[in-house]
Amino acid sequence: MSDTIEIDRPLPQPITPEARPYWDGARDGKLMIPRCQACGRPFMYPRVACPFCASRDIAWIQASGRGRLHSFAIAHQILNKAFKVKTPVVLAMVELDEGPRLLTNLVNVAPDPTVLKCDIPVEVVFEKLTDQVTLPMFQPAAGATAGAR
Ligand SMILES: [Zn+2]
């Protein structure tokens, strides 16, 4: 867990009831994802009904926090003035080991397209913004080859 960082982006507000366990988990350093009790499949983003079978019987599980970099883009400019995030920043689609994909940032890595590769193993890290909001982000997993040639 890192120190509180400067609030450099709009905070999620209001946090909806469907997503509350996700944010509560992040605050405690856990990556929580919803899982359908009817068909057994985990999914992201949080919502009231399962995207696979439409069941509303949703429970939450703690994800391993491990996954792979499915896709990424390096943003050199953020046109939305509400974001003060220093660029370049790596926007990442991470596929969790549990299956769901989530949109996040890849951090603790050079924002360099010659270094970053799709499919590298990544792991979750938590960036605390406020006492209420902690953002799950991802970094290359220990031993991953990002940064190596
Ligand atoms: Zn389902």
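Preceding block: the structure.
Residues numbered from 1 in each chain as written. Predicted model: local features only at pLDDT ≥ 70, side-chain atom pairs only at ≥ 80, totals over all residues. Heavy atoms only, no water.

Visitor: Explain the nonpolar core to me, please; I cannot follow it from the model alone.
Guide: Within soluble globular proteins, side chains that are nonpolar tend to cluster in buried spots. Core analysis: the largest hydrophobic core is formed by 30 residues, its most contacted members being Trp23, Leu31, Leu96, Leu106, Val122 and Phe138. At the level of elements, α1 (20-27), β3 (66-75), β4 (89-96), β5 (101-106), β6 (121-128) and β7 (134-140) are the ones that each hand at least two residues to this core. With near-sequence residues (within four places) excluded, Trp23 lies in contact with Pro12, Ile15, Val133, Thr134 and Leu135. (Core = buried A, V, L, I, M, F, W, Y, C linked by side-chain atoms within 4.5 Å. Buried < 20%, exposed > 50% of the residue type's maximum accessible area, 1.4 Å probe, protein only. Helix = DSSP H or I, 4+ residues; strand = E, 2+ residues; numbered from the N terminus. Contact = heavy atoms within 4.5 Å.)

Visitor: Help me out: how do you make sense of the pairing of β7 in this one?
Guide: The two faces of the sheet receive side chains in turn, since in a regular strand these alternate between them. Of all seven residues in β7, seven are buried; the element is thus mostly enclosed. Where β6 and β7 come together, seven bridges link them in antiparallel fashion. Across the sheet, residue Lys128 finds its bridge partner in β7, namely Thr134. Connecting β6 to the antiparallel partner β7 that follows it, the hairpin turn spans five residues. (Pairing = 2+ DSSP bridges.)

Visitor: Teacher, can you tell me more about the coordination of the zinc ion here?
Guide: In this structure, Cys36 (SG), Cys39 (SG), Cys50 (SG) and Cys53 (SG) serve as the protein donors to the zinc ion, at separations of 2.3 Å. Taken together, the four donor atoms coordinating the zinc ion span angles of 104 to 120° at the metal, a pattern that classifies the geometry as tetrahedral. In terms of primary sequence, the donors binding the zinc ion are separated according to C-x2-C-x10-C-x2-C. Pair noted here: Cys39 is in the loop between β1 (32-36) and β2 (58-62) and Cys53 is in the loop between β1 and β2, with a separation of 14 residues, a long-range link. A relative accessible area of 34% means that Cys39 is categorised as partly exposed. (Donors = N, O, S within 2.8 Å, 3.2 Å for Na, K, Ca; no water. Tetrahedral: all angles 85-135°; square planar, octahedral: opposite > 155°, others 65-115°.)

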